[in-house]
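# Observations on the three-dimensional arrangement
Spelled out, the chains give:
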Amino acid sequence: MQLWNKGFEPDKLIEKFTIGNDQELDLRLAKYDVQGSMAHIRMLESIGLISQEELDKLLPALKEIEDTIEKGEFTIEDGVEDVHSQIEFLLTKKLGYIGKKIHSGRSRNDQVLLDLKLFFRDEIKKTAEACERLFVTLQKLSEEHKDKLMPGYTHLQIAMPSSFGLWFGAYAEALTDDLQMLLAAYKIANQNPLGSAAGYGSSFPLNREMTTELLHFQNPHYNVVAAQMSRGKTEKALAAAIAAIASTLGHMAMDVCMWMCGNFGFVSFPDELTTGSSIMPHKKNPDVFEIMRGKCNRLQSVQNEIALLTANLPLGYNRDLQLLKDIIFPATSELVGCLEIADFMLQQIKVKSDILEDKLYDYIFTVEDVNRLANQGMPFRDAYKKVGLEVQNKTYKPTREVHHTHLGSIGNLANEQIATKMKGIISQFN
Ligand code: ARG
């Protein structure tokens, strides 16, 4: 049964094809659909389109539906197209003609748009919280291991002294940049599309400010066409933020995989956090970080998928937009899963001390020694040449003294300043 039924039943094959995964995906929108309907009917009452009496019957009926959703008992029945239809059918079954009144001044186009905005707001907050938890762990590890030196690489060649403090702290600060992108997606999502109806507004005198306030949006998406256009655009902004976080996380996962490799042996994990081989009895594999790397790489393609799905669509609603849900819904959950497992793993990471004592890393100190000579008054270029020739003649002996003091370096990690920056970003998600 369709909301738009006009006396003929659509072909079953057509129905199945067009509904697609909506009956399952829309379950995640159900509670937002109820919240949206509650705000909408309050507004309808305020402009005289339904009576106070009718509102008093509708609100508890919606509350009942909300309770079944919370208990996980809400389903979309066979043959019902989507969550919007299911809720309207339930209301009509319970309240008769009153249930049929709630759709005045609304279309499923702005209804789904609204549900999505409310859903994204929550998903974005969950993602920001997961990022923040990982950030806190990374900063803690950075402080804990700030004196443990490790090689820094350029061109994947041994380059200059780095430290675990610098490494953990780097991923913490990188997350603050990613969160700026997530915040931009949040701001785009935090605008009320309700009242845009099918995409061109309504001849009812809708009070859009009222629903904006009731649903705690920052502002209405004023222009009704712009509001409709935000379907796809919001997802694109979110996908860009997902890609940014995934890129940081995937990069970190790659470092961990490399450093767990026996040739490096910089980090390790308790046995129960590693996996084994069915043939090689000695193996302790970093599967968690490999899966994380793979998922994070795949998550970076979400923005491409959305760009292709929405490229050159005509202005206004098009059913293609329904497929955005298939792409973006699993992506946010997958990213949060990756952030959570990264946090769990890192809390148990073991870090090797005295890595740079190994002769393999002798040349890592050349720049320190050049700088020491320059500090003593020798022109930098002469000092560079002197140490360079020692390396060339194999007479170079490192002093192994590392003395970095400037802001953001191994001797001055600026973790406090980075934490303040993070706090400032996180506070804007409310
Ligand atoms: N399932 C649809 C979607 O996600 C709901 C909106 C349907 N609107 C319509 N005019 N057919 O886009």
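In case you missed it, the structure is sitting above this.
Keep in mind it's a predicted model, so treat the numbers as computed, not measured.

Rules of the game
Residues numbered from 1 in each chain as written. Predicted model: local features only at pLDDT ≥ 70, side-chain atom pairs only at ≥ 80, totals over all residues. Heavy atoms only, no water. Helix = DSSP H or I, 4+ residues; strand = E, 2+ residues; numbered from the N terminus. Contact = heavy atoms within 4.5 Å. Polar contact = N/O pair within 3.5 Å; in protein donor to acceptor, adjacent residues only side chain to side chain. Buried < 20%, exposed > 50% of the residue type's maximum accessible area, 1.4 Å probe, protein only. Lys, Arg positive; Asp, Glu negative; His and termini not counted. Salt bridge = Lys/Arg side-chain N within 4 Å of Asp/Glu carboxyl O. Phe/Tyr/Trp six-rings, centres within 6.5 Å; stacked < 30°, edge-to-face > 60°. Near = heavy atom within 4 Å. Areas by Shrake-Rupley, 256 points an atom, 1.4 Å probe, with all protein chains shown as cover. Nonpolar A, V, L, I, M, F, W, Y, C, P; charged D, E, K, R; others polar.

## Some words on the environment of Arg28
Its place among the elements puts Arg28 in the loop between helix H2 (22-25) and helix H3 (30-46). Excluding residues that lie within four positions of it along the chain, Arg28 makes contacts with Phe119, Glu123, Phe329 and Ser333. A polar contact of 3.4 Å, which involves the side chain of Arg28, links it to the backbone oxygen of Phe329.

## Quick notes on the side chain of Asp33
Structurally, Asp33 can be placed in helix H3. There is no salt bridge for the buried Asp33, and the closest opposite charge comes from Arg106, which lies 5.5 Å off by N-O distance. A polar atom in the side chain of Asp33 sits 2.8 Å from the side chain of His84. Here the side chain of Asp33 touches Gln111 through a polar contact of 3.1 Å, side chain to side chain. With residues near it in sequence (within four places) discarded, Asp33 still touches Val83, His84, Ile87, Gln111 and Asp115.

## Notes on the packing of aromatic side chains
For the coordinates displayed, the defined rule picks out 16 aromatic pairs. A ring pair is formed by Tyr153 and Phe264, whose centres lie 6.3 Å apart and whose planes are at 65°; its orientation type is edge-to-face. Of this pair, Tyr153 sits in strand E1 (residues 149-154) while Phe264 is found in the loop between helix H9 (224-260) and strand E5 (267-268), placing the two residues 111 residues apart along the sequence. A ring pair is formed by Phe164 and Phe168, whose centres lie 6.2 Å apart and whose planes are at 35°; its orientation type is tilted. Of this pair, Phe164 and Phe168 both sit in helix H7 (residues 164-189), four residues apart, roughly one helical turn. For Phe164, a relative accessible area of 0% translates into the label buried. By the ring-pair criterion, three or more aromatic residues cluster together here, those being Tyr153, Phe164, Trp167, Phe168, Tyr171, Trp259, Phe264, Phe266 and Tyr361.

## Quick word on unusual backbone geometry
Despite not being glycine, His155 has its phi angle at roughly 55°, a positive value. Its place among the elements puts His155 in the loop between E1 and strand E2 (157-163).

## A few points about the site of the ligand
Within the structure, the ligand sits among Asp22, Asp82, Arg108, Asn109, Val112, Arg231, Tyr317, Gln322 and Lys325. A distance of 3.0 Å separates a nitrogen atom of the ligand from a polar atom in the side chain of Gln322. One of the side-chain nitrogen or oxygen atoms of Lys325 is found 2.9 Å away from an oxygen atom of the ligand. A total of 350 Å² of accessible area belongs to the ligand in isolation, and the protein chains cover 86% of it. The leading source of residues in the shell around the ligand is helix H6 (residues 108-144), at three residues. In terms of residue class, the shell around the ligand is built from two nonpolar, two polar and five charged.

Purely spatial values, then, with no claim about function.
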